[in-house]
Amino acid sequence: PAIPGSEAGAKPLTLDVRDFLSPDIAKKIPSKDVPIPFYNNSWVDLPPAWKSLDKTVAGFPLITFIHGTAGWRSQSLSLVVHWASRGFVVVAADYPGICLKDLLLLAEHPLQPHPKEDQVGDTKKLQSELFALTDPRLKALLGGGAVNVTNNALIGHSAGALALEKLGGFAAVVIPLAGDGSAPDGNSPAVKLRSTLVLGAYNDTEVPPLTHAEPGYKRSPTPKRMVIGANMGHQAFSDLCYIGEAQGGISGIGEKLGIWEAYAFAPLAVQGCKFHNSGFFEPQKNWALIEFATSAVLEETLRCDAQMSSAIADIKQKFDYVFEYKQDI
């Protein structure tokens, strides 16, 4: 979140997908073929909200986002922008060994050394650094205490969501997107778990709710909720159905340019995209449900907003494409 009014004259936020590809593949994509996604009410290098002129505001809740297989730190930027607009500070990283760039490098050079994939271990290290704030760069980035790092959430997608069941004791709110569930705190948790929201997509063939979200919800500690969206697929929780959708997504752009790796990654990259299967929703319709559900749980728990409890309980009345809703509060 930024200081209101500071966006005047600022550069709008977008991204260049070539920044997240391997160097050799990035060179094969001319600028004319690079999609320029638009992110509403988002700008670059604005002063954070706690740097207001009259006072320093403390206590902004923190979200750590964990991307999925062949994802990257801004793969779900549309959702991240929404969370930031609600007053949450979001931290995200490119996870070694499983991010898009590293997997493309592995496909191109299978015999070369490859980074080890350890999303659980890497997230524990990241959370520990955030809690300690001993690195002056990180401390300055988070306002020197303006962000309440233990009033926090862990949100993951796909492989990042599956990692959450091994990250008990690191967040007050846990939200798997196309994953399983949450884990008990264990002994001496850094942060006590206060709420879990399991979000799944009914038509997800990569992480089907029947074998993941449903049993993950049952295993999760209370209080907990589960929302399964109808006519939604695996990439409903990312921007892969939005970036370059008129060109068949980023895999479609790669296929058009004869990049063989695009064919290998396409089944995962287009699962749930309307441009690939007209039975799915447009990305914006998916985001509306996801934004509502996640914001309700985040604000209920991390902002102590009791009104959000009844708001999410009525989610099936608000969205007619909720296939299933459960709660154990």
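Data block above holds the structure.
Residues numbered from 1 in each chain as written. Predicted model: local features only at pLDDT ≥ 70, side-chain atom pairs only at ≥ 80, totals over all residues. Heavy atoms only, no water.

Draft legend 1. Highlighting the packing of helix α8 (residues 249-256) against helix α9 (residues 260-269). Relative orientation of the contacting elements α8 and α9 amounts to 160°, with a least axis distance of 9 Å. Taken together, the axes of α8 and α9 lie roughly antiparallel to each other. Seen along the crossing, α8 lies across α9 with a hand that is left-handed. Contact residues: α8 offers Ser 251, Gly 254 and Glu 255, while α9 offers Ala 262, Tyr 263, Ala 266 and Ala 269. In terms of residue class, the contact of α8 with α9 is built from 4 nonpolar, 2 polar and 1 charged. (Axes fitted to C-alpha atoms, helices over the stretch in contact; angles between N-to-C directions. Helix = DSSP H or I, 4+ residues; strand = E, 2+ residues; numbered from the N terminus. Parallel < 35°, antiparallel > 145°, perpendicular 65-115°, else oblique. Left-handed = near helix turned anticlockwise from the far one by under 90°. Contact = heavy atoms within 4.5 Å. Nonpolar A, V, L, I, M, F, W, Y, C, P; charged D, E, K, R; others polar.)

Draft legend 2. Highlighting the nonpolar core. By size, the foremost hydrophobic cluster in this structure holds 59 residues, and its most contacted members are Trp 83, Leu 199, Val 227, Leu 298 and Ile 315. A per-element tally of this core places helix α10 (residues 283-302) first, with 8 residues. Among residues more than four places away in sequence, those in contact with Ile 315 are Val 227, Leu 289, Phe 292, Ala 293, Val 322 and Tyr 325. (Core = buried A, V, L, I, M, F, W, Y, C linked by side-chain atoms within 4.5 Å. Buried < 20%, exposed > 50% of the residue type's maximum accessible area, 1.4 Å probe, protein only.)

Draft legend 3. Here's a closer look at the sheet that holds strand β6 (residues 224-229). Taken in spatial order, the 7 strands of this open sheet run β2-β1-β3-β4-β5-β6-β7, and their pairing is mixed. Sheet topology places β2 (89-92) and β7 (322-328) at the edges, where each strand pairs with a single neighbour. Pairwise comparison of adjacent strand axes, ignoring direction, gives a mean angle of 15° for this sheet. In terms of strand pairing, β6 meets β7 through 6 bridges, oriented antiparallel. Directly across from Arg 225, in β7, lies its bridge partner Gln 327. Strands β1 (60-66), β3 (147-157), β4 (173-177), β5 (195-201), β6 and β7 of the sheet are contacted by α10, whose axis makes an angle of about 175° with β5. (Pairing = 2+ DSSP bridges.)

Draft legend 4. The arrangement of the packing of aromatic side chains in detail. Taken as a whole and assessed by the stated rule, the structure comprises 9 aromatic pairs. Note on Tyr 39 and Tyr 242: the rings are 6.1 Å apart at their centroids and 75° apart in plane angle, and the pair reads as edge-to-face. A residue pair is termed long-range when its members are at least 10 positions apart, and Tyr 39 in the loop between α1 (23-27) and β1 and Tyr 242 in the loop between β6 and α8 qualify at 203 residues. The exposure class of Tyr 39 is buried, given its relative accessible area of 3%. Accessibility expressed as a relative area gives 15% for Tyr 242, which makes it buried. Consider the rings of Trp 50 and Phe 60, whose centres lie 5.5 Å apart with planes at 65°: the pair is edge-to-face. (Phe/Tyr/Trp six-rings, centres within 6.5 Å; stacked < 30°, edge-to-face > 60°.)

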